[in-house]
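The residues making up each chain are set out below.
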Protein chains: 2
Amino acid sequence: MGALRLPALTSIFTSSSSATAARYSPLLPHRSPRFRRLSSANLSAQSTDQKPRVQDKDKDRVITPRSQDFNAWYLDVIANAELADYGPVRGTMVIRPYGYSIWEAIQDYLNVKFKETGHSNMYFPQFIPYSFIEKEASHVEGFSPELALVTIGGGKELEEKLVVRPTSETIVNHMFTQWIHSYRDLPLMINQWANVTRWEMRTKPFIRTLEFLWQEGHTAHATADEAEKEAMQMIDVYTKFAYEQAAIPVIAGRKSRMETFAGASKTYTIEAMMGDKKALQAGTSHNLGQNFSRAFGTQFTDENGLRQHVWQTSWAISTRFVGGIIMTHGDDAGLLLPPWLAPIQVIIIPIWKKDNEKTGVLSTASSVKEILQAAGVKVKIDDSEQKTPGWKFNFYEMKGVPLRIEIGPRDVSSGSVVISRRDVPGKQGKVFGISMEPSTLVPYIKNKLTEVHSSLLERAVLFRDSNIVDVCSYNELKEAISQGKWARGPWSASDSEELKVKEETGATIRCFPFEQPEGPKKCLMTGISADEVAIFAKSY
Amino acid sequence: MGALRLPALTSIFTSSSSATAARYSPLLPHRSPRFRRLSSANLSAQSTDQKPRVQDKDKDRVITPRSQDFNAWYLDVIANAELADYGPVRGTMVIRPYGYSIWEAIQDYLNVKFKETGHSNMYFPQFIPYSFIEKEASHVEGFSPELALVTIGGGKELEEKLVVRPTSETIVNHMFTQWIHSYRDLPLMINQWANVTRWEMRTKPFIRTLEFLWQEGHTAHATADEAEKEAMQMIDVYTKFAYEQAAIPVIAGRKSRMETFAGASKTYTIEAMMGDKKALQAGTSHNLGQNFSRAFGTQFTDENGLRQHVWQTSWAISTRFVGGIIMTHGDDAGLLLPPWLAPIQVIIIPIWKKDNEKTGVLSTASSVKEILQAAGVKVKIDDSEQKTPGWKFNFYEMKGVPLRIEIGPRDVSSGSVVISRRDVPGKQGKVFGISMEPSTLVPYIKNKLTEVHSSLLERAVLFRDSNIVDVCSYNELKEAISQGKWARGPWSASDSEELKVKEETGATIRCFPFEQPEGPKKCLMTGISADEVAIFAKSY
């Protein structure tokens with residue numbers, strides 16, 4: 001629970017030097033003295049104390065610099081941007097509207113892709129008889145330490161404890177067994193959007209929480225080959241989503257046997273490099289083989305009249321991905337959202353000094369808003385009068401809004417606007433005099449959003465590639481890991497040697513990437529020939 | 001659990017006479033001898049028995065006639081149309097893809113309305129400390145018999161039991177207390193889509209299940225007046241939804257004090273009359289007053305610098321509404337879906353006999369499909385060759401698809417199609433020779449869908465109004481209720497007299513309708529003057 005208990009934060013309140021550094025950092029050009037900061041100290045404490053706390057919301061605070069304390073920065077961003085807060089039960093999280101709307105954007109995209117690839121949504125109950133979990137041997141071993149159990153219902157002790165779903169393979173198989181009879185019922189391809197519970201001891205908002213939201217796909221097929229194709233198809237959907245929507249250059253590959261999902265034959269994964277160079281497993285797709293169908297007797301009659309066990313897959317992406325977005329793109333100024341997932345893609349800030357300027361500026365701002373909205377751009381206008389334009393600049397930069405449009409009296413008379421990019425600070429990211437004619441403005445904004453996306457992706461690829469070291473020996477691996485980097489090297493050693501690497505370096509095999517270098521390879525640990533390189537890294 | 005345990009069903013298997021009646025009913029004109037029936041006997045039994053059951057799926061079965069046994073008919077429809085199945089834990093339900101897609105249509109509509117009226121989606125944890133539930137006196141009284149409690153987490157006994165949310169007012173207020181400081185933070189208007197758990201003893205698919213899905217809106221306001229306006233606004237959103245999307249002519253009104261939500265000052269409700277004339281509470285909106293804000297200390301500083309408790313509302317619609325749709329519109333042939341919520345609005349059945357006809361029919365069918373799809377119509381084509389057209393006619397009627405398009409070789413050459421309405425059986429609902437030119441077909445189909453909607457609504461209004469009896473005395477009330485009808489009459493009597501009505505007749509006050517007759521009224525029970533009429537009915 002260390003992370004959720006608000007570790008010592010180096011912020012303006014505990015370390016004036018860091019705050020000074022942040023305040024005058026060239027990366028924070030608009031940091032105004034009236035900047036309001038909702039620091040991680042404001043993430044509500046996890047107590048049930050009901051006394052209303054008077055909070056100093058309007059004090060001048062800044063976000064802990066990312067380079068100084070990545071974890072404190074992460075918590076600061078979550079608090080400042082109002083993405084999430086702690087729930088009253090240790091390890092739980094409240095997802096606030098701005099954070100939830102990023103999740104909604106993820107859902108909107110994936111939901112369409114799942115349906116396009118032939119899956120239907122449905123819903124399974126979250127209470128699973130305890131005996132179900134015990135049916136698949138490695139599944140129970142993997143999940144039993146993390147279970148939340150309902151033992152009392154309607155005022156009575158239950159005869160059988162109920163597991164609050166940590167994942168749904170067991171209950172899905174119980175139902176599949178009743179729905180699948182012949183090969184004509186296959187493939188059966190479904191998905192559910194749901195909450196799941198895992199009793200984690202070390203939690204961190206979005207990344208690892210006691211309860212989280214996810215989608216879990218479950219499919220059953222007549223052949224091993226079809227299941228394998230499905231598992232690969234879905235990791236491919238996730239990979240494209242990461243690159244094309246989130247601008248996160250994940251590395252897709254296969255998990256080592258030791259890191260394979262409890263109950264799966266093979267696990268495919270997308271691994272992302274966070275800003276602190278730690279790896280984040282951002283999505284997985286499992287080829288379950290016949291493990292669950294044998295445990296649950298999920299059989300079908302094939303075309304020759306023979307009874308066969310089905311071949312299955314499952315695959316999931318969770319609210320953890322929101323944490324991945326924050327830790328991939330964010331900077332000292334706060335959040336930086338990839339345009340296609342940003343709840344607000346363009347923020348319009350009207351600027352006026354004299355009362356006689358106000359009407360013109362506001363009506364122009366609102367017509368610009370309507371032009372963009374009609375073109376499908378997610379646009380907001382902040383015309384509140386309590387805050388200065390400078391404060392607003394900072395606020396929406398901190399919120400990670402990709403583009404800002406400024407409209408002042410001079411812009412009104414010239415019929416043009418000023419556009420600033422969140423990802424390019426200062427004058428460099430600013431263009432003046434863009435006509436507000438719809439035929440000019442709309443394509444300009446859409447191109448800019450595409451540009452921001454490409455630029456975020458390119459930056460992340462550069463960062464990733466400059467922090468992956470090709471290694472040929474265990475010593476080189478240790479060296480790379482100790483520098484906080486990822487190590488990539490040939491691997492064909494045993495599980496116990498994999499465990500040794502983990503114990504000695506803290507790094508695990510993140511995956512055997514699908515993209516492999518050509519030519520013969522020798523295992524970095526044993527020197528024996530190896531078929532594949534593996535990527536080792538410390539991870540979340 | 002009676003309902004979920006599959007009560008004695010009067011179907012073809014237990015009563016040959018009823019089956020015969022159904023088979024030859026004029027309402028089932030296309031009932032073919034090969035009609036496949038997935039009867040309620042096929043709703044998977046609630047046991048953890050894993051033995052694969054060989055099911056007789058292709059036997060000729062029919063749905064229990066609605067007039068004969070409403071409950072058996074309801075369960076048959078749910079099983080046959082594959083809307084839901086029982087989960088392994090008593091009282092839980094698996095929502096299958098066809099049933100879930102009705103829920104998704106409900107979500108799609110309401111989600112837009114909630115956002116248009118200024119609400120943001122977010123997510124609260126489902127685990128609530130037990131002590132929270134105890135804070136609001138009537139709330140704990142209302143909910144404590146229905147709670148599911150987590151007592152073990154991560155292998156350890158928990159210090160404080162956790163409630164699996166039955167509703168979220170308590171945890172919402174705990175968080176609101178931390179987020180709300182001044183009048184500037186108000187109104188705070190949020191919604192969440194979530195699962196909730198209530199340990200019900202008598203369950204029935206969709207209508208009352210141990211776990212269900214819903215949306216729950218929660219708002220906080222600076223004044224009592226604003227909260228009242230919000231509660232009224234949301235019951236109005238629900239009312240419009242029921243009429244305009246679901247074709248259900250609900251009666252909106254205020255609950256009696258005895259029927260008010262545990263913790264609310266006022267509860268507004270929409271009450272629907274099901275096909276068996278029982279009432280279904282289909283949605284509620286609560287004015288919570290300051291009950292929860294006082295219990296949780298949710299205060300704000302007003303414009304004069306004074307600390308005040310916020311005024312709140314909450315409102316919800318759940319998967320129960322899907323049950324309401326089934327029981328409002330369904331008939332002996334099965335489900336009948338209102339067009340705007342139907343997962344498939346138009347089913348295309350290609351018909352051919354000779355192989356040389358097949359290509360032309362299929363390509364025409366698929367171009368008709370594309371024309372409609374492009375126009376935003378939810379259309380499906382069933383070109384499977386295992387079943388006859390007659391079988392398909394029955395199958396999609398049973399699934400409640402509002403319109404059917406038939407395309408045969410003669411239609412291909414004439415460039416026209418045959419269109420049948422689900423709600424008007426036989427020749428009366430059939431039109432021939434509708435051109436497949438997009439400029440003709442698209443508006444024709446859209447008009448037909450609108451017509452089906454209006455006709456369903458009109459039929460439901462007639463049914464409702466012919467089954468509400470205006471009563472002036474308790475005897476008249478008893479008479480109406482004993483006939484299975486609703487009784488409407490002036491009421492100003494006491495809680496204990498209301499309870500007496502419930503005990504003696506089984507009917508409760510469903511609501512004091514917003515629409516009230518003019519003129520002076522005298523309480524049907526006491527003869528004393530009354531301000532309002534109330535509606536009494538037996539209910540689900």
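(A) Representation of the overall build of chain A. Along the backbone of chain A there are 15 helices and 25 strands. Out of the 540 residues in chain A, the part that is buried amounts to 61%. Taking all contacts inside chain A whose residues are at least 6 apart in sequence as the whole, residues at least 24 apart take part in 71%. Accessible surface computed for chain A: about 20,600 Å², of which carbon and sulfur atoms make up 50%.

(B) View of the confidence of the model for chain A. Residue and element names in this part refer to chain A. For chain A, the mean per-residue pLDDT works out to 90, and 89% of the residues sit at or above 70. Below a pLDDT of 50 lies the segment residues 1-39, which in the model reaches 109 contacts outside its immediate sequence neighbourhood of four places, other chains included. Confidence over residues 47-60 falls short of pLDDT 50; this stretch has 37 contacts with residues more than four positions distant or in other chains. Note on the complex model: pTM 0.90, ipTM 0.90.

(C) Spatial organisation of the packing of helix α10 (residues 355-374) of chain B against helix α13 (residues 438-465) of chain B. All names here are of chain B. Where α10 meets α13, the closest approach of the two axes is 10 Å, and the angle between their N-to-C directions is 60°. Crossing geometry of α10 relative to α13 is assigned as right-handed. The residues of α13 that touch α10, namely those facing Val-368, Ile-371 and Leu-372, are Pro-438, Leu-441, Val-442 and Ile-445.

(D) The arrangement of helix α11 (residues 389-398) of chain A in detail. Residues and elements named next belong to chain A. Burial runs high along α11: 8 of the 10 residues are buried. Taken together, the buried residues of α11 touch α2 (70-80), β15 (346-350), β16 (379-381) and β17 (403-407). Just beyond α11, the residue with positive phi is Gly-400, at close to 80°.

(E) Quick peek at the pairing of strand β9 (residues 251-254) of chain B. All names here are of chain B. The pairing of β9 with strand β10 (residues 266-273) spans 4 bridges and is antiparallel. Paired with Arg-254 across the two strands is Tyr-268, which belongs to β10. Pairing of β9 with strand β22 (residues 508-513), which is carried by 2 bridges, proceeds in the antiparallel orientation. Looking across to β22, one finds that Arg-254 is bridged to Phe-512.

(F) The side chain of Arg198(B), seen in detail. Residue and element names in this part refer to chain B. Examined against the element boundaries, Arg-198 turns out to sit in the loop between β7 (188-197) and β8 (211-221). It is Glu-146 that comes nearest to the buried, bridge-free Arg-198 among opposite-charge side chains, at 4.5 Å. Within the structure, Arg-198 has its side chain in polar contact with the backbone oxygen of Pro-166 (distance 2.8 Å). Discounting chain neighbours no more than four positions away, the residues touching Arg-198 are Phe-143, Glu-146, Pro-166, Thr-167, Thr-209, Leu-210, Phe-212 and Trp-214.

(G) Examining the interface of chain A and chain B more closely. Contacts between the two partners involve 71 residues from chain A, matched on the other side by 71 residues from chain B. Together chain A and chain B conceal approximately 5,700 Å² of surface at their shared face, both sides included; 59% is due to carbon and sulfur atoms. At the boundary of chain A and chain B, one finds 2 salt bridges. Of the charged contacts in the structure, one is a salt bridge between Lys115(B) and Glu104(A), with a shortest N-O distance of 3.2 Å. Connecting chain A to chain B are 23 residue pairs in polar contact (both at pLDDT 80 or more).

(H) Quick look at the side chain of Asp331(B). Residues and elements named next belong to chain B. Secondary-structure assignment places Asp-331 in the loop between α9 (320-329) and β15 (346-350). Given the relative accessible area of 19%, Asp-331 is considered buried. In terms of polar contacts, Asp-331 uses its side chain to reach the backbone amide nitrogen of Ala-333, at 2.9 Å. Non-local contacts of Asp-331, meaning those with residues more than four positions away in its chain, are made with Arg-66, Trp-73, Leu-336 and Arg-422.

(I) Structural view of the environment of Lys500(A). Relative to the helices and strands, Lys500(A) is located in helix α15 (residues 495-505). Separated by 128 residues in sequence, Lys500(A) and Leu372(A) have C-alpha atoms that sit 56 Å apart.

(J) Expanded view of helix α3 (residues 97-116) of chain A. The terminal C-alpha atoms of α3(A) lie 28 Å apart, and with 20 residues this matches the ideal 28 Å at 1.5 Å per residue to within 8%. Positive phi appears at Gly118(A), one or two residues downstream of α3(A), with a value of about 90°.

(K) How the structure looks around the state of the cysteines. According to the stated counting rule, one finds 0 disulfides over all chains in the structure shown. There is no disulfide at Cys472(A), and the cysteine sulfur nearest it, in Cys523(A), is 11 Å away.

(L) Summary view of the pattern of salt bridges. On inspection of all chains with the given rule, the structure shows 42 salt bridges over all chains. Among the salt bridges present, the one from Glu532(A) reaches Arg254(A), with a minimum N-O distance of 2.8 Å. One end of the pair, Glu532(A), is in the loop between β24 (529-530) and β25 (533-537); the other, Arg254(A), is in strand β9 (residues 251-254), with 278 residues separating them in the sequence. Residue classification places Arg254(A) among the partly exposed positions, given a relative accessible area of 23%. The residue Asp465(B) makes a salt bridge to Arg464(B) at a minimum N-O spacing of 2.9 Å. According to the relative accessible area criterion, Arg464(B) is buried, its value standing at 13%. Salt bridges sharing common partners tie together Glu397(A), Arg404(A), Glu406(A) and Lys430(A).

(M) Summary view of the environment of Gln312(A). Residues and elements named next belong to chain A. Residue position: Gln-312 is located in strand β14 (residues 311-318). Put simply, Gln-312 and Glu-230 are 82 residues apart on the chain and 8.9 Å apart in space, counted from C-alpha to C-alpha. Contacts of Gln-312, omitting those with residues within four sequence positions, involve Asn-173, Phe-176, Thr-219, Ala-220, Ala-227, His-286, Asn-287, Leu-288, Gly-289, Phe-292 and Ser-293. At a separation of 3.5 Å, a polar atom in the side chain of Gln-312 contacts the main-chain amide nitrogen of Ser-293.

(N) The relation of the copies chain A and chain B, seen in detail. Note on the copies: chain A fits chain B at an RMSD of 0.0 Å, the axial shift is 0.0 Å, and the rotation between them is 180°. A rotation of that kind, with that shift, is consistent with a two-fold axis. Across chain A, the rotation axis passes nearest the C-alpha of Val150(A), at a separation of 2.1 Å. Most of the interface of chain A is mirrored in chain B: 100% of its interface residues are interface residues there too.

(O) Representation of the packing of aromatic side chains within the structure. Within the structure shown, the criterion is met by 30 aromatic pairs over all chains. For the ring pair Phe132(A) and Phe296(A), a centre distance of 5.7 Å and an interplane angle of 75° mean the geometry is edge-to-face. Highlighted residues: Phe132(A) in helix α4 (residues 130-133) and Phe296(A) in helix α8 (residues 291-296), separated in sequence by 164 residues. Given the relative accessible area of 0%, Phe132(A) is considered buried. A relative accessible area of 0% places Phe296(A) in the buried class. These aromatic residues form a ring-pair network of at least three members: Trp103(A), Phe114(A), Trp193(A) and Trp315(A). Above the face of the Tyr130(A) ring, Lys161(A) is positioned so that its terminal group lies 5.2 Å from the ring centre. Sitting over the face of the ring of Phe393(B), Arg404(B) holds its NZ or CZ atom 3.8 Å from the ring centroid.

(P) Layout of the sheet that holds β22(B). Residue and element names in this part refer to chain B. Strand order in the open sheet made by the 11 strands is β3-β7-β8-β14-β11-β10-β9-β22-β25-β21-β20, with mixed pairing throughout. The strands lining the two open edges of the sheet, one partner per strand, are β3 (120-121) and β20 (468-470). As paired elements, strand β11 (residues 279-289) and strand β14 (residues 311-318) share 5 bridges and run antiparallel to each other. By the bridge assignment, Gly-289 is partnered in β14 with Gln-312.

Rules used in this analysis
- Residues numbered from 1 in each chain as written.
- Chains lettered and ligands numbered in written order.
- Predicted model: local features only at pLDDT ≥ 70, side-chain atom pairs only at ≥ 80, totals over all residues.
- Heavy atoms only, no water.
- Helix = DSSP H or I, 4+ residues; strand = E, 2+ residues; numbered from the N terminus.
- Buried < 20%, exposed > 50% of the residue type's maximum accessible area, 1.4 Å probe, protein only.
- Contact = heavy atoms within 4.5 Å.
- Areas by Shrake-Rupley, 256 points an atom, 1.4 Å probe, with all protein chains shown as cover.
- pLDDT = per-residue confidence, 0-100.
- Axes fitted to C-alpha atoms, helices over the stretch in contact; angles between N-to-C directions.
- Left-handed = near helix turned anticlockwise from the far one by under 90°.
- Pairing = 2+ DSSP bridges.
- Lys, Arg positive; Asp, Glu negative; His and termini not counted.
- Salt bridge = Lys/Arg side-chain N within 4 Å of Asp/Glu carboxyl O.
- Polar contact = N/O pair within 3.5 Å; in protein donor to acceptor, adjacent residues only side chain to side chain.
- Buried area = accessible area lost by both parts, 1.4 Å probe.
- Expected span 1.5 Å × (residues − 1).
- Disulfide = S-S within 2.5 Å.
- Least-squares fit on C-alpha atoms with pLDDT ≥ 70 in both.
- Phe/Tyr/Trp six-rings, centres within 6.5 Å; stacked < 30°, edge-to-face > 60°.
- Lys NZ or Arg CZ within 6 Å of the ring centre and 35° of its normal.

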